[in-house]
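# Summary of the model geometry
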Amino acid sequence: MQILFVHQNFPGQFKHLAPALAAKPEHTVVALTMRQIDSRQWQGVHIVRYTPKTGSQPGVHPWLRDFDTKVIRGEACFRAALQLREQGFQPDVIIAHPGWGESLFLKQVWPQARLGLYCEFYYLLQGGDIGFDPEFPTRDADGEACRVEMRNLNNAVHMPLADAAISPTHWQASTFPEPFRSRISVIHDGIDTELVAPDDSVALQLGELKLSRQDEVITFVNRNLEPCRGYHVFMRALPELLRRRPHARVLITGGDGVSYGAAPTNGQTWKQIYIDEAHAQHPDMDWSRVHFLGQIPYATVCGHAATEPCPPVSDLPLCAQLEPAGSHERRLRHCGQRHRALARGHPPRRNRRAGGLFRPGRAGRSHLPTAGRPSPARTPGGGRSRLCP
């Protein structure tokens, strides 16, 4: 079978599925991506890069800018697909993440191919990434419904094209409207539990300080430190957290950029804004126990890099996932390492705790122990709980 994966940052969510299919001798697996990859092969997958020939032009209506960028990427993918077809590649199956518009026109090239879509997100006016934090109100409240409707144009165009679809969680699937929702199968991306596993010997060297499993460590992990990911909530809870846990070290992992939401208007970074706020409101806070690690390679985070230090697995890591959606895999990786987790109790988080993955309960500041080392919570199966609310 000939299989085509499409993802602007390949492998993305297909990092387990694509090589697993490529390992079977009866399959030829190709990936279309914008990502700069040095090799033309990745774990048996043939890599084909595409590059948009233009960018968004001035004068596009603000509500249509998002779809404009998706059409530009879709055209670039379409041109690359035409070249693949000329070279004799005829995929039986196309598996695409439609979020960037790349798969908009692939059925024009290969109408006989079956198209499977990875349905990560459908934009909602309520219950999603819009309006969930009153501290950051929508700038154009009256026009927000119109803007959201236009952002879903990409989803609306893709839906009739799909032969099948998957979502990683029930909550994400539930955001899509019928009749498309009934065609979505809930299948998680998967976590490599041989790579993401507890390690009794794990250690992290921070200058002259060495942390291990014998130390009490609290972690906050995100790609970027920004309000949409709950960074400001964590930073405001940090003084009380340090007070209650006088021996804890706090490791904050994430970059200075913006992945979701707006950038600060004053030229600063969200990271520094909430550091300054904490300094001003809590001048006696012990910053020597707070460590900003920046962005860390995936293998290093998992503790399996031979030449780089690894963030430790401790009895008390709090992966403070406070944003509305989009970090299901990161949360489950923490659980694979037997981390105890504190999370905001909104529907996306509750969904990930359902079905036996996590012990149900409420997450809140009052649940933080104040003295001594916490005893590991137990699951009915006898192992450590995957969530300690």
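This structure is a prediction, so every number in the text was calculated from the model and none was measured. (Residues numbered from 1 in each chain as written. Predicted model: local features only at pLDDT ≥ 70, side-chain atom pairs only at ≥ 80, totals over all residues. Heavy atoms only, no water.)

### So, unusual backbone geometry
- The peptide bond linking Phe-10 to Pro-11 adopts the cis configuration, its omega dihedral lying at 10°.
- Along the polypeptide, Pro-11 turns up in the loop between β1 (2-6) and α1 (17-22).
- Omega for the peptide link from Glu-178 to Pro-179 comes to 10°, which places this bond in the cis form.
- Tracing the chain through its elements places Pro-179 in the loop between α6 (170-174) and β8 (184-186). (Helix = DSSP H or I, 4+ residues; strand = E, 2+ residues; numbered from the N terminus.)

### A short note on the sheet that holds strand β13 (residues 290-294)
- With respect to topology, 3 strands assemble into an open sheet ordered β11-β12-β13, the strand pairing being parallel. Strand pairing shows two members of the sheet lacking a second neighbour, β11 (217-224) and β13, which therefore form its edges. Averaged over all pairs of adjacent strands, the angle between their axes in this sheet comes to 15°, without regard to strand direction.
- Bridge count for strand β12 (residues 249-255) against β13 is 4 bridges, and the pairing is parallel. Looking at the pairing, Ile-252 lines up with Phe-292 of β13.
- In this fold helix α7 (residues 231-244) packs onto β11, β12 and β13, with an angle of close to 165° to the strand it touches most, β12. (Pairing = 2+ DSSP bridges. Axes fitted to C-alpha atoms, helices over the stretch in contact; angles between N-to-C directions. Contact = heavy atoms within 4.5 Å.)

### A look at the side chain of Glu-240
- Within the fold, Glu-240 resides in helix α7.
- Within polar-contact distance, the side chain of Glu-240 engages the side chain of Arg-244 at 2.8 Å. (Polar contact = N/O pair within 3.5 Å; in protein donor to acceptor, adjacent residues only side chain to side chain.)

### Some points on the sheet that holds strand β6 (residues 114-118)
- Ordered in space as β3-β4-β2-β1-β5-β6-β7-β8, the 8 strands form an open sheet in which the pairing is mixed. On the outer flanks of this sheet lie β3 (41-42) and β8, each paired with one strand and no other.
- Direction of pairing for β3 relative to strand β4 (residues 45-49): antiparallel, over a ladder of 2 bridges. Opposite Trp-42, over in β4, you have Val-45 as the bridge partner.

### Some details on the pairing of strand β9 (residues 203-206)
- Looking at chain direction, β9 and strand β10 (residues 209-212) are connected through 4 bridges and run antiparallel. Bridge pairing in β10 links Leu-206 to Leu-209.
- Linkage of β9 to β10, two consecutive antiparallel strands, is achieved through a turn of 2 residues, within which Gly-207 is found at a positive phi near 65°.

### Concerning the packing of aromatic side chains
- Under the definition given, this model contains 14 aromatic pairs.
- When the centroid spacing of 5.2 Å and the interplanar angle of 50° are considered together, the rings of Phe-5 and Phe-14 count as tilted. The exposure classification of Phe-5 matches that of Phe-14, with both residues buried.
- Taken together through their ring pairs, the aromatic side chains of Phe-136, Phe-220, Tyr-231, Phe-234, Trp-270 and Tyr-274 make up a single cluster. (Phe/Tyr/Trp six-rings, centres within 6.5 Å; stacked < 30°, edge-to-face > 60°. Buried < 20%, exposed > 50% of the residue type's maximum accessible area, 1.4 Å probe, protein only.)

### Observations concerning the environment of Ala-248
- Among the structural elements, Ala-248 can be located in the loop between α7 and β12.
- Note on Ala-248: relative accessible area 0%, which makes it buried.
- The spatial distance from the C-alpha of Ala-248 to the C-alpha of Ile-218 is 6.8 Å, given a sequence separation of 30 residues.
- With residues up to four places along the chain from it excluded, the contact list for Ala-248 reads Glu-216, Ile-218, Leu-242 and Arg-289.

### As for the nonpolar core
- With 29 residues, the main nonpolar core has Leu-4, Val-6, Ile-94, Trp-110, Leu-117 and Phe-180 as its most contacted residues.
- When residues of this core are traced back to their parent elements, those giving at least two are β1, β2 (28-33), α2 (65-86), β5 (93-96), α3 (106-109) and β6.
- Per-element tally for this core: the top contributor is α2, with 6 residues.
- Here Phe-180 is in contact with Leu-117, Cys-119, Met-159, Ala-162 and Ala-165, once residues within four sequence places are set aside.
- Counting 19 residues, the second largest nonpolar core, distinct from the first, contains Ile-218, Leu-225, Tyr-274 and Met-285. (Core = buried A, V, L, I, M, F, W, Y, C linked by side-chain atoms within 4.5 Å.)

### Notes on the packing of α7 against helix α8 (residues 270-281)
- Taken N-terminus to C-terminus, the directions of α7 and α8 make an angle of 25°; their axes are 10 Å apart at the nearest point. Taken as axis vectors, α7 and α8 run roughly parallel relative to one another. Every pair of crossing elements has a handedness; the one defined by α7 and α8 is right-handed. On α8, the residues that touch Tyr-231, His-232, Met-235 and Arg-236 of α7 are Trp-270, Lys-271, Tyr-274, Ile-275 and Glu-277. (Parallel < 35°, antiparallel > 145°, perpendicular 65-115°, else oblique. Left-handed = near helix turned anticlockwise from the far one by under 90°.)

### Examining the pattern of salt bridges
- One pass over the full model with this rule turns up 14 salt bridges.
- Where Glu-144 meets Arg-147, a salt bridge forms, and the shortest distance between an N and an O atom there is 2.4 Å. One end of the pair is Glu-144 and the other is Arg-147, both in helix α4 (residues 144-151) and 3 residues apart, which spans about a single turn.
- On the basis of relative accessible area, Glu-144 is assigned to the buried category, the value being 7%.
- Of the charged contacts in the structure, one is a salt bridge between Arg-244 and Glu-240, with a shortest N-O distance of 2.8 Å. Of the two residues, Arg-244 and Glu-240 are both situated in helix α7; the distance of 4 residues between them amounts to about one turn of the helix. Each member of the pair Arg-244 and Glu-240 is classed as buried.
- Shared partners join several salt bridges into a network, and the residues in it are Asp-66, Lys-70 and Arg-151. (Salt bridge = Lys/Arg side-chain N within 4 Å of Asp/Glu carboxyl O.)

### Focus: α2
- The end-to-end C-alpha distance of α2 is 32 Å, a good match for the 32 Å that 22 residues give at a rise of 1.5 Å each.
- For α2, every residue scored as buried is listed here: Asp-66, Phe-67, Lys-70, Ile-72, Gly-74, Ala-76, Cys-77, Phe-78, Ala-80, Ala-81 and Leu-84.
- The elements touched by buried residues of α2 are β1, β2, β4, α3, α4 and α5 (153-158).
- Count one or two residues on from α2 and you reach Gly-88, which has phi positive near 100°. (Expected span 1.5 Å × (residues − 1).)

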